Amino acid sequence: MKQVLQTLIVLFTFSISSLSAQTYNSYYNSVVTDVSSSNILADLITFENFGLKDVGSTAISNAQNWITTRYQDLGYTDIVEQPFSYGGNTTNNIIITKTGSVYPNTFLIIDAHYDTINGTGTNDNGSGTVLMMELARLLKNVNTEYSIKFIHFSGEEDGLIGSNYYVNNTVIPDNLDISLVLNIDEVGGVNGLINNIIVCENDQDNTPSANNAASAASTTIMANCFGLYSNLATEISYAYASDYVPFQNNGEIITGLYEKNETPYAHTSSDTLANMDVNYLFEVTKGALGAALEFAVGINSLDVTTFSKDSTISFYPNPSSGKFNIKLNENIVENFELIVLDILGKEVYKSKINNQIETIDLSFLNKGVYLASLKNDKARITKKLVIQ
Ligand SMILES: [Zn+2]
């Protein structure tokens, strides 16, 4: 909802990609490679087909039910619809919590508004909405040290009503411990333009200012993650006029994503899929997922409902001269894919694993340490392989 200011104020700096700040994480990359452009496209179409989702409309209720059902289908159980009223209408924030394994009471908040104004809002903010649902799909079975709250806000277009309500009625009374707020608003790009830069927004507001340095640091980390996990360049700018503002005002550390080529169609009936660049949103999703893994500290681990412990899979002998047997100790073979990465994270081998015991021959590789990642849509395990 912020096209005017951005064009008036051109205070920005180009980020210099710092190779030392974040290191490439091959496990994070293996999660990021599962981002699905067909999921993103299908969800954008659904979002658009609901129509104009202003507060009080049937369309926004339909979108709300769609979002809530999606998280239920993904297996999330802590889903709260938070109603609030204004202007004679009631609408809902949707808050989904994933519990962290080390810091369960500290929350990375990822948020995007799903209400729209004057049109279907496929970019503003269908783009952020479907990005978040794709992140939630891929983070579901990732063990994260920090808890994550995915929040779909309503009432943003009417003046950040939903996020203000959440800060005043949840964050403040519950004294919620928030590590960072990552706001995603209008990241769909413009059809016909070269969309290859994402704006990473930091907090340059001085009321308060004590949270600005941490915001700048987190925003730099996020920009670096785009360099590692997407093909987009980054630009650092300032945060304004979206749902992170009430959090900022409360002293929280915030960051945000916003498209560089700003759609001229926001808040009109022309904010449609046809005027967007879905491939750009695909790349934004990849970078955002890499950043979310970095911020929540993703730990390479298993879906406990599928694997009881690491020892259910073994690679032997290990070290070997290149021939490894893979043994699945339980009858859990379901379309596994094996990907072997070198220490730089480059994929050097890929195959399907369809039997409980299989042999792979990696003797064509140089001696050294590799990572073998075995995964299907339910589980993932990564183990170190040594070729000597
Ligand atoms: Zn918006």
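Please refer to the structure higher up on the page.
Here is a short report on the structure shown in this document.

### Regarding empty space enclosed by the protein
And then number 1: According to the stated counting rule, one finds 1 cavity of 30 Å³ or more in the structure shown.
And then number 2: In this model, the largest cavity occupies a volume close to 30 Å³.
And then number 3: The wall of the largest cavity is formed by Ser26, Tyr27, Ser30, Leu341, Leu371, Ser373 and Thr382.
And then number 4: At the level of elements, helix H2 (26-32) and strand E17 (368-375) are the ones that each hand at least two residues to the lining of the largest cavity.
And then number 5: Considering every element that reaches the lining of the largest cavity, the biggest residue donor is H2, with 3 residues.
And then number 6: Two domains each put at least three residues into the lining of the largest cavity: domain 1 (3-299) and domain 2 (310-387).

### Notes on the packing of helix H5 (residues 126-139) against helix H9 (residues 278-296)
And then number 1: Relative to each other, H5 and H9 sit at 50°, their axes nearing to 10 Å. In this view, H5 runs oblique relative to H9, as classed from their interaxial angle. Classified by chirality, the crossing of H9 by H5 is right-handed. Residues Ser127, Val130, Leu131, Glu134, Leu135, Leu138 and Leu139 of H5 lie in contact with H9, whose contacting residues are Leu281, Val284, Thr285, Ala288, Leu289, Ala292 and Leu293.
And then number 2: Broken down by class, the residue content of the contact of H5 with H9 amounts to 11 nonpolar, 2 polar and 1 charged.

### Considerations on helix H7 (residues 212-229)
One turn of an α-helix holds 3.6 residues; hence residues three or four places apart share an orientation.
And then number 1: The end-to-end C-alpha separation of H7 is 26 Å, in line with the 26 Å expected for 18 residues at 1.5 Å each.
And then number 2: Three or more residues of H7 are buried, namely Asn212, Ser215, Ser218, Thr219, Met222, Ala223, Asn224, Cys225, Phe226 and Tyr229.

### A word on the sheet that holds strand E13 (residues 323-328)
And then number 1: The 3 strands lie next to each other as E12-E13-E16, forming an open sheet whose pairing is antiparallel. Single-partner strands in this sheet number two, and they are strand E12 (313-316) and strand E16 (357-361). Direction aside, neighbouring strands of the sheet carry axes that sit 20° apart on average.

### Comments concerning the nonpolar core
And then number 1: Counting 60 residues, the largest nonpolar core has Ile110, Leu139, Phe150 and Leu257 as the members making the most contacts within it.
And then number 2: Of the residues forming this core, the biggest block, 12 residues, is contributed by H9.
And then number 3: Leave out the neighbours within four places in its chain, and Phe150 touches Tyr71, Tyr76, Ile94, Ile95, Ile96, Lys98, Ile110, Met132, Leu135, Ala136 and Leu139.
And then number 4: Among the nonpolar cores identified, the runner-up in size contains 18 residues, and Ile313, Phe324, Leu328 and Leu374 belong to it.

Parameters and conventions
- Residues numbered from 1 in each chain as written.
- Predicted model: local features only at pLDDT ≥ 70, side-chain atom pairs only at ≥ 80, totals over all residues.
- Heavy atoms only, no water.
- 1 Å grid on protein atoms, 1.4 Å probe; cavity = no way out; pocket = protein on both sides within 12 Å on 5 of 7 lines; lining within 4 Å.
- Points joined across faces, edges and corners; volume = space filled by probe spheres on them.
- Helix = DSSP H or I, 4+ residues; strand = E, 2+ residues; numbered from the N terminus.
- Domains from an automatic or database assignment.
- Axes fitted to C-alpha atoms, helices over the stretch in contact; angles between N-to-C directions.
- Parallel < 35°, antiparallel > 145°, perpendicular 65-115°, else oblique.
- Left-handed = near helix turned anticlockwise from the far one by under 90°.
- Contact = heavy atoms within 4.5 Å.
- Nonpolar A, V, L, I, M, F, W, Y, C, P; charged D, E, K, R; others polar.
- Expected span 1.5 Å × (residues − 1).
- Buried < 20%, exposed > 50% of the residue type's maximum accessible area, 1.4 Å probe, protein only.
- Pairing = 2+ DSSP bridges.
- Core = buried A, V, L, I, M, F, W, Y, C linked by side-chain atoms within 4.5 Å.

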